[in-house]
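Structural features, examined
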Amino acid sequence: MTGSEPARRVGTSVMGQHTPRALFPAASLPDSRVSIGVLALQGDVREHCLALEAAGARAVAVRSAAQLAGADGARVDGLVLPGGESTTMGKLLASFGMLEPVRALVRDGMAVYGSCAGMIMLADRVQGAASGQPLIGGIDMTVRRNAFGRQVDSYEEDLVAPTLGANEERPLRAVFIRAPWVEEVGEGVEVLATTRSGRAGADRPGTGGRIVAVRQGPLLATSFHPEVGSDHRVHDVFVEMVRHRS
Ligand code: GLN
């Protein structure tokens, strides 16, 4: 049982409303789900949208600053920065005039979740960044790009992360694809998960005990891709963070 399940049930309390759905014709039923934007300039947008919907939110692909501002009626309560390629994502954000608006939302305290390239975008400091690579920042951490190696070094590992609902009996299968890790965090940053063995342990020394999931206030970041597959516990936690703030 996860925190978001009641919202998926029909006719039960959804964000404080106790009205049985049967009293409304379907078309006029108010959509009381939180609305979460997925930055849709580049990366695995569809997977995040599906995971957010499965976690009880309304997912909106966001492609413009106007959408972020709610100018065309698509106001979002939270934002996901997907995996992909952080240099490309940064350049596209800049050329679409979205970099400053997203930075402003982060400054204003919007709940934002970054996975992989998204984690890099949310870091205050990045090792191995391309020269002039635009970042959003917000989390007091140093992230090392491509820390686990190249595409061929992509791997999966079962993580224990109590805050993300993952224990030894039901660990979280984490998929790392050209993933970063977190080198160090500031005082206000909560470490949610670290790697255990690292890939194949012995032949890749130094990949164990690495920080791969963090939270600082309304900002959440993972090195891995929880949108791949059907385990949506990370998205459940993020949807709950968004509900809390909206
Ligand atoms: N290595 C990529 C980057 O630097 C991130 C990889 C990913 O998002 N899967 O942006």
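- You'll find the protein chain entered in an unreviewed UniProt entry as Pyridoxal 5'-phosphate synthase subunit PdxT, with Actinomyces urogenitalis DSM 15434 given as the organism.
- The annotation that UniProt attaches to the protein chain under Function (unreviewed entry) is "Catalyzes the hydrolysis of glutamine to glutamate and ammonia as part of the biosynthesis of pyridoxal 5'-phosphate. The resulting ammonia molecule is channeled to the active site of PdxS."
- As recorded by UniProt, the Pathway (unreviewed entry) comment attached to the protein chain reads in full: "Cofactor biosynthesis; pyridoxal 5'-phosphate biosynthesis."

Quick look at the nonpolar core
- Of all hydrophobic cores here, the largest spans 38 residues; its most connected members are Ile36, Leu52, Leu164, Phe176, Phe224 and Phe238.
- At six residues, the largest contribution of residues to this core is made by helix α7 (residues 233-245).
- Not counting the four nearest positions on each side in its chain, phenylalanine 238 is found in contact with Ile36, Leu52, Leu79, Val80, Ala111, Val112, Tyr113 and Leu220.
- Formed by 35 residues, the second largest nonpolar core is a distinct cluster that contains Val62, Leu93, Leu105 and Leu122.

Here we look at the pairing of strand β12 (residues 219-222)
- Residues Leu219 and Ala221 line one face of β12 and the alternating positions Leu220 and Thr222 line the opposite face, and both faces are buried.
- The pairing of strand β4 (residues 111-115) with β12 spans four bridges and is parallel. Counterpart to glycine 114 in the pairing with β12 is alanine 221.
- The sheet contact formed by strand β11 (residues 211-216) and β12 spans four bridges and is antiparallel. When the sheet's bridge partners are listed, glutamine 216 is paired in β12 with leucine 219.
- Hairpin connection from β11 to β12: two residues lie between these consecutive antiparallel strands, with glycine 217 at a positive phi of about 55°.

A few points about the UniProt feature "active site" (unreviewed entry) in the protein chain
- Those places that UniProt annotates as "active site" (unreviewed entry) correspond, in this numbering, to Cys116, His225 and Glu227. These annotated residues cover 112 residues of sequence, and their C-alpha atoms all fall within 11.0 Å of one another, placing them together at a single site.
- Given a relative accessible area of 4%, cysteine 116 falls into the buried group.
- Once you skip the residues sitting within four places of it in the chain, cysteine 116 turns out to touch Gly83, Ile177, Arg178, Ala179, Pro180, Thr222, Ser223, Phe224 and His225.
- Its place among the elements puts glutamate 227 in the loop between β12 and α7.
- Exposure remark for glutamate 227: the relative accessible area of 3% places this residue in the buried category.
- Reaching out from glutamate 227, the side chain makes a polar contact with the side chain of histidine 48 at a distance of 3.4 Å.

What about the UniProt feature "binding site: L-glutamine" (unreviewed entry) in the protein chain?
- The residues that UniProt annotates with the feature "binding site: L-glutamine" (unreviewed entry) are Gly84, Glu85, Ser86, Arg145, Ile177 and Arg178. The named residues occupy 95 residues along the chain; their greatest pairwise C-alpha distance, 12.9 Å, places them in one compact cluster.
- Relative to the helices and strands, glycine 84 is located in the loop between β3 (78-81) and α4 (86-95).
- By relative accessible area, glycine 84 is classed as partly exposed at 30%.
- Excluding anything up to four places from it in sequence, glycine 84 contacts Gln42, Gly43, Ala117 and Arg178.
- Looking at the secondary structure, you find arginine 178 in the loop between β8 (172-176) and β9 (181-185).

Definitions and cut-offs
Residues numbered from 1 in each chain as written. Predicted model: local features only at pLDDT ≥ 70, side-chain atom pairs only at ≥ 80, totals over all residues. Heavy atoms only, no water. UniProt positions renumbered as here; feature names shortened; annotations may be inferred. Core = buried A, V, L, I, M, F, W, Y, C linked by side-chain atoms within 4.5 Å. Buried < 20%, exposed > 50% of the residue type's maximum accessible area, 1.4 Å probe, protein only. Helix = DSSP H or I, 4+ residues; strand = E, 2+ residues; numbered from the N terminus. Contact = heavy atoms within 4.5 Å. Pairing = 2+ DSSP bridges. Polar contact = N/O pair within 3.5 Å; in protein donor to acceptor, adjacent residues only side chain to side chain.

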